[in-house]
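Residue-level structure breakdown
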Amino acid sequence: MRGRFSDRLLGKLMEADWVTAFTGAGVSAESGVPTFRGTGGIWARFKPEELASMDAFMRNPDLVWEWYAHRKRIIAEVQPNPGHVALAQMELLFAGFAVITQNIDNLHRRAGSATVHELHGNIERNYCIGCGRRYSNAEVLAQKGVPRCTECGKAVRPDVVWFGEQLPLEEWERSVRAAQSADVFLSIGTSGIVYPAASLPQISRRSGAYLVEINPEPTPLTDIADEFLQGTSATILPLLVKAIEETRTPQG
Ligand code: BV8
Ligand code: ZN
């Protein structure tokens, strides 16, 4: 198992007190959740700004809502994959560990990760744009078309961060701290295009972290990474957990 990984990486992981994993849509691809920009990605048919923005929702609420209702139904059916499970196991191997995710599918928590910072919200939560009342997916998906608030009658939207919207301050600050505290920062399954999330790997590296990218193809982050492990997260992450365990307690 160890052979798959460099002595340098295993050495950094052996010395590490704090490891931070930063994940994007690629981590959920093997659960059957389509990515945004890869082949077959959701955005293939639409540009992000056309759907994931407040003015798209105001301009064409039915289209935007239908897209989210469709994604809610997909996400309700999928399971965490071995990559999510490996990150939950890895959390138990280090004194400090955090997952910072751009994903809104709640799969890290469902896989057992305890410390998860959701930068872009969570598709299982919804709220009224008028009075802020919260709604579950069961409540909103029971209504036909764009759900209406039972209190004030205004439209209900998914509790996700749209383009042009600020990220939740608390989650952002915790994520910056997790990036700055990391001895090893794993950037996994993200194209590194969407800001400010995509600035976290740089923030971490500037604070001295060993930056490792895990992705099937190179991205804008690959050039600044200390190591690029080419492959999918569901394959590489379980092997990495095994290699850490074997390095810690050599067999025989
Ligand atoms: C903000 C939630 C300001 C919703 C998302 C011009 C116009 C408008 C805005 C901007 C602009 N220029 C810059 C901006 C800012 C904008 C931005 O960065 N735009 C980009 C497109 C240039 N950012 C924002 O608007 C942010 N807000 O800036 O606010 C502000 C400041 C102060 C006060 C008020 C306002 C908000 C951004 C959040 C947008 N919301 N999602 C939803 O999901 O519906 S973004 C969406 O894309 C996802 O959250 C996702 O995180 C994000 C990035 O995608 P990735 O996760 O990286 O996924 P992707 O498909 O791109 O890549 C997948 C990768 O996985 C690939 O590399 C692939 O190779 C790999 N992969 C595939 N299979 C596997 C795999 N990896 C591993 N294993 C596999 N099996
Ligand atoms: Zn309301």
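To continue, consider the coordination of the zinc ion (ligand 2). For the zinc ion (ligand 2), the full set of protein donor atoms is C128 (SG), C131 (SG), C149 (SG) and C152 (SG), at a range of 2.2 to 2.3 Å. Around the zinc ion (ligand 2), the four donor atoms sit at angles spanning 97 to 123°, and that spread fits a shape best called tetrahedral. In the primary sequence, the donor residues of the zinc ion (ligand 2) line up as C-x2-C-x17-C-x2-C. Of this pair, C128 sits in strand 4 (residues 121-128) while C149 is found in the loop between helix 8 (137-142) and strand 6 (156-160), placing the two residues 21 residues apart along the sequence. Just as C128 is buried, C149 falls in that class too.

Here we take up the domain arrangement of the protein. The domains assigned to the protein are domain 1 (1-33 + 80-120 + 166-252) and domain 2 (34-77 + 124-160). Taken as a group, A25, V33 and I104 account for 44% of the area that domain 1 buries against domain 2, more than any other trio of residues on that side. Residues R125 and E118 are paired through a salt bridge, measuring 3.4 Å at the closest nitrogen-oxygen approach. Summed over the shared surface of domain 1 and domain 2, the result is two residue pairs in polar contact (both at pLDDT 80 or more). Tallied by class, residues from the side of domain 1 that touches domain 2 come to six nonpolar, five polar and three charged.

Right, let's get into the packing of helix 1 (residues 7-15) against helix 11 (residues 233-248). Direction vectors running N to C along helix 1 and helix 11 enclose 70°, while the axes themselves pass 10 Å from each other. In terms of their interaxial angle, helix 1 and helix 11 are classed as roughly perpendicular. Viewed along their axes, helix 1 and helix 11 form a crossing whose handedness is right-handed. Residues L9, L10, L13 and M14 of helix 1 pack against L240, A243, I244, T247 and R248 of helix 11. When the residues that make up the contact of helix 1 with helix 11 are grouped by side-chain class, the tally is seven nonpolar, one polar and one charged.

Another point: empty space enclosed by the protein. Enumeration over the complete set of coordinates arrives at one cavity of 30 Å³ or more. If you add up the space inside the largest cavity, you get close to 40 Å³. At the level of elements, helix 7 (107-111) and strand 3 (116-118) are the ones that each hand at least two residues to the lining of the largest cavity. The element best represented in the lining of the largest cavity is helix 7, accounting for three residues. Partitioning the lining of the largest cavity into residue classes produces two nonpolar, four polar and three charged.

So, about the nonpolar core. With 29 residues, the main nonpolar core has M90 and F94 as its most contacted residues. In terms of residue count, the dominant contributor to this core is helix 11 (six residues). Other than its neighbours up to four places away in sequence, F94 contacts L13, A16, D17, V19, I244 and R248.

Turning next to the sheet that holds strand 9 (residues 227-230). Read across the open sheet, the six strands follow the order 3-2-1-7-8-9; overall the sheet is parallel. At either margin of the open sheet sits one strand with a lone partner, and together these are strand 3 and strand 9. Here the average twist between neighbouring strands, direction ignored, is 20°. Across four bridges, the pairing between strand 8 (residues 210-215) and strand 9 is parallel. In the sheet register, V212 faces strand 9, and the bridge partner there is E227. Across the sheet, helix 1 lies against strand 1 (18-23), strand 7 (184-188), strand 8 and strand 9, angled at about 120° from strand 8, the strand it touches most.

With that out of the way, let us pick up helix 1. Within helix 1 the residues assigned to the buried category are L9, L10 and L13. The buried residues of helix 1 all sit within an arc of 95° when viewed along its axis, so they share a single face. Set apart from the buried face of helix 1 by more than 90 degrees, the exposed residues are D7, R8 and E15. Residues of helix 1 that are buried make contact with strand 1, strand 7, strand 8, strand 9 and helix 11.

The next point concerns the pairing of strand 2 (residues 96-101). Of all six residues in strand 2, six are buried, a share of seventy percent or more. Of the two faces of strand 2, the one lined by G96, A98 and I100 and the one lined by F97, V99 and T101 are each fully buried. Examined bridge by bridge, strand 1 and strand 2 share six bridges and lie parallel to one another. The residue bridging F22 from the neighbouring strand is I100, located in strand 2. Bridge count for strand 2 against strand 3 is three bridges, and the pairing is parallel.

About the thresholds
Residues numbered from 1 in each chain as written. Chains lettered and ligands numbered in written order. Predicted model: local features only at pLDDT ≥ 70, side-chain atom pairs only at ≥ 80, totals over all residues. Heavy atoms only, no water. Donors = N, O, S within 2.8 Å, 3.2 Å for Na, K, Ca; no water. Tetrahedral: all angles 85-135°; square planar, octahedral: opposite > 155°, others 65-115°. Helix = DSSP H or I, 4+ residues; strand = E, 2+ residues; numbered from the N terminus. Buried < 20%, exposed > 50% of the residue type's maximum accessible area, 1.4 Å probe, protein only. Domains from an automatic or database assignment. Buried area = accessible area lost by both parts, 1.4 Å probe. Salt bridge = Lys/Arg side-chain N within 4 Å of Asp/Glu carboxyl O. Polar contact = N/O pair within 3.5 Å; in protein donor to acceptor, adjacent residues only side chain to side chain. Nonpolar A, V, L, I, M, F, W, Y, C, P; charged D, E, K, R; others polar. Axes fitted to C-alpha atoms, helices over the stretch in contact; angles between N-to-C directions. Parallel < 35°, antiparallel > 145°, perpendicular 65-115°, else oblique. Left-handed = near helix turned anticlockwise from the far one by under 90°. Contact = heavy atoms within 4.5 Å. 1 Å grid on protein atoms, 1.4 Å probe; cavity = no way out; pocket = protein on both sides within 12 Å on 5 of 7 lines; lining within 4 Å. Points joined across faces, edges and corners; volume = space filled by probe spheres on them. Core = buried A, V, L, I, M, F, W, Y, C linked by side-chain atoms within 4.5 Å. Pairing = 2+ DSSP bridges. Arc of directions from axis to C-beta.

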